[in-house]
There are 2 protein chains.
Amino acid sequence: MRVGVLGAGQLARMIALAGVPLGLEFVFLDPSADACANRLGEPLVGDYRDPALLAQLAERADVVTYEFENVPANVAEFLVSHTQVHPCPKALAVAQDRLFEKTFFHDIGIPTPDYAAIDSLENLEQAMTTIGYPAILKSRTQGYDGKGQSVLKSPDDLKPAWELLQGVPSVVEAFVPFKREVSIIAVRSVSGETVFYPLSENLHRGGILRVSECRANDPLQQQAEDYVSRLLEALGYVGVLALELFDVNGKLLANEFAPRVHNSGHWTIEGAETSQFENHLRAILDLPLGSTAPVGHAAMVNFIGGLPATEDVLAIPHAHLHLYDKAPRKGRKVAHATIRAENAEQLSESVKKLAELADQVDDS
Amino acid sequence: MRVGVLGAGQLARMIALAGVPLGLEFVFLDPSADACANRLGEPLVGDYRDPALLAQLAERADVVTYEFENVPANVAEFLVSHTQVHPCPKALAVAQDRLFEKTFFHDIGIPTPDYAAIDSLENLEQAMTTIGYPAILKSRTQGYDGKGQSVLKSPDDLKPAWELLQGVPSVVEAFVPFKREVSIIAVRSVSGETVFYPLSENLHRGGILRVSECRANDPLQQQAEDYVSRLLEALGYVGVLALELFDVNGKLLANEFAPRVHNSGHWTIEGAETSQFENHLRAILDLPLGSTAPVGHAAMVNFIGGLPATEDVLAIPHAHLHLYDKAPRKGRKVAHATIRAENAEQLSESVKKLAELADQVDDS
């Protein structure tokens, strides 16, 4: 069985590492010959939109998946007409556009912060009279890791923020006074079997995820599962999906979802019975899903922009290092490490040490 | 950093799977272009004894290791003179010859069953007057998975057994009435840091390992650690070493050791904080060793000669499947599965199901 993946970055790499023991082969389509998953399968190097390469991918693979959501609609449709593709193009279409996404959330009863569609500066000024300050202006498409976003603190910020976005269709969202950011990783197989991981509690800085911690038995687990279940059902979703949420005094508001394996689920490699990567493969191949039960206490720390010495990471008790073989570059995720410990004290002690190492090399 | 491995079978494959997240690259030397690790690195295809290929391996790799102990002495010496090699050739030389091995055990105070060196039928007849029946006649070299061995139950068996071995130098060993077979996986780094895994309790049938179970807090752990420590020190050993022992009423007698990662340690992938494969790499690269603490309860079942359907294995609670991408063949190890469970009852229930699947496909 051969799995095709659009993209050959670290997510594709971790999918492949989970798939080799299951006897799977991989073919990757990525513009970079040096992409870090390429060594684990057959690389197709070139533009994602090149029909000849897409045809090769579809021909070589029994099933195609992707590691990023900004797959153009015509690319997804081309693949669907040639082979099996999971998750479905509809999930891509919804996740790619913040306005569609928020509307979709509302239609299926998942609450979000207040928002409004923005097409002009006048439009934005008008919307802000009801949304209120502070708020965040985001382009409807193409944003990730905090790119294409501006914080609006007062009416003076509106014009510069709108100009920064160069007039692209946007969404303005109320900034909610959240207690914490959480995400839930869910998995649904071709047969409709569905499992959920324990909530991840996430710490962002500069719009980039820094630390995720597994929160077993979180009081909001059930609420998050209810919301993400609606999403899975409404999309007829197959594979791993991550729903990011704000915890506002015990009420969850949806921020966004990613139709793919997700950085906030990397702790599952060591910290759950079955990793999100293996379960993504099981789901798209219609194999029985693996248990999502936590194994001890787990948290993950991202290394952004630079790498500490391997021996310094491995000297930290319970640390598991995952290098992506990517050249360090400002703001680029180049590795993560997971701590999986027997108790909360061990966990927090080692996470603290890891985070210190991460801060030392972080250039952002 | 690039690691060279002599051999590209399943042990090399699992070493590579552990090494990719550490940012390591691999080069394998194996006679088969189809060897199952080849896809995870750069394959050199040809005879292990080909000086040109060995020179390439030494040139391409920063450090060389191996997945089998029958590396000819001149091959090991060639590599040592060209690059770093771990474990050392001395460990190979001792492990390759059952007489050297037993003598070595005795010299460093590790007890073994009674034995005698055999060079002729007369020799064997004479030895059996003191060894006593039953006993096992084994060729001094080249035996593995029970090959090249004969059980001696009475004087009538001596001539046929000796003829079966075609007169090669041999060892006869008393068959000890062992309660169980155990092994201990130990790791020693270049710097001399040493760690031990919990004992594995092993079930063999037809000379082939079928099931290994992690025995945390075994009363014989300390005795096993004492023996294997002597071995590590006496050999100046670097890497993972497995010492197989008989438990005879609470006293351990050494059977043999393997100077490499070992089938009885496969449960460590899911069942220990750090797998034997990762710790082997950490050891030979002189990185800090990872914790060997057990994670829950774990056991491994080998699939010999044939494969069950993937979905049947994955439907068993807590099962983790490891296919080797090897064509099924009589008596050949083609995969294993590990059960990692929260308690002993879960473990034994799932192991029973797995063992049933293994028996259904087992052709031996």
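As annotated in an unreviewed UniProt entry, chain A is N5-carboxyaminoimidazole ribonucleotide synthase from Candidatus Methylobacter oryzae. Per its UniProt entry, chain A bears the Sequence similarities (unreviewed entry) comment "Belongs to the PurK/PurT family."

## What to know about the packing of aromatic side chains
Taken as a whole and assessed by the stated rule, the structure comprises twelve aromatic pairs over all chains. An angle of 5° between the planes, with centres 6.1 Å apart, marks the rings of F26 of chain B and F28 of chain B as stacked. The same class applies to F26 of chain B and to F28 of chain B, which are both buried. Here the aromatic rings of Y197 of chain B and W267 of chain B are separated by 6.4 Å at their centres, their planes lie at 90°, and the arrangement is edge-to-face. A residue pair is termed long-range when its members are at least 10 positions apart, and Y197 of chain B in the loop between β11 (194–196) and β12 (199–205) and W267 of chain B in the loop between β15 (251–258) and α9 (268–271) qualify at 70 residues. For Y197 of chain B, a relative accessible area of 0% puts it in the buried group. In this structure W267 of chain B comes out as buried when scored by relative accessible area, which is 0%. The rings of F175, F178 and F246 of chain A are connected pair by pair, giving a single aromatic cluster.

## Describing the domain arrangement of chain A
All names here are of chain A. Each domain of chain A was delimited in the assignment, giving domain 1 (2–85), domain 2 (114–174) and domain 3 (180–361). Using only C-alpha atoms to locate each centre, domain 1 and domain 3 end up separated by 22 Å. Across the contact, 19 residues belong to domain 1 and 19 residues belong to domain 3. With both chains or domains summed, domain 1 and domain 3 bury close to 1,700 Å², and 69% of this area falls on carbon and sulfur atoms. Residues D325 and R39 are paired through a salt bridge, measuring 3.0 Å at the closest nitrogen-oxygen approach.

Conventions adopted
- Within every chain, residues take consecutive numbers counted from 1 along the sequence as written.
- Chain labels run from A onward and ligand labels from 1 onward, assigned in the order the entries are written.
- Residue-level local features of this predicted model are given only where pLDDT is at least 70; pairs of side-chain atoms are given and counted only at 80 or more, and the full residue set underlies all totals for whole chains, interfaces and linings.
- Hydrogens and water are ignored here; the side-chain numbers use all heavy atoms of the structure.
- UniProt positions are given in the numbering used here, feature names are shortened, and annotations may be inferred rather than shown by experiment.
- Any Phe, Tyr or Trp ring, taking Trp's six-membered ring, that has another such ring centre within 6.5 Å forms a pair; planes under 30 degrees apart are called stacked, those over 60 apart edge-to-face, and the others tilted.
- Only protein chains enter the calculation, and the probe is 1.4 Å; a residue is then buried if its accessible area is under 20% of its type maximum, exposed if over 50%, and partly exposed in between.
- Segments assigned H or I by DSSP are reported as helices when at least four residues long, segments assigned E as strands when at least two residues long, and all are numbered from the N terminus.
- Domain boundaries shown here were taken from an automatic or database domain assignment.
- Two residues form a contact once any of their heavy atoms are found within 4.5 Å.
- As a working definition, buried area equals the accessible area (1.4 Å probe) given up by two parts on being put together, with both sides summed.
- Put simply, a salt bridge is a Lys or Arg side-chain nitrogen that is within 4 Å of an Asp or Glu carboxyl oxygen.

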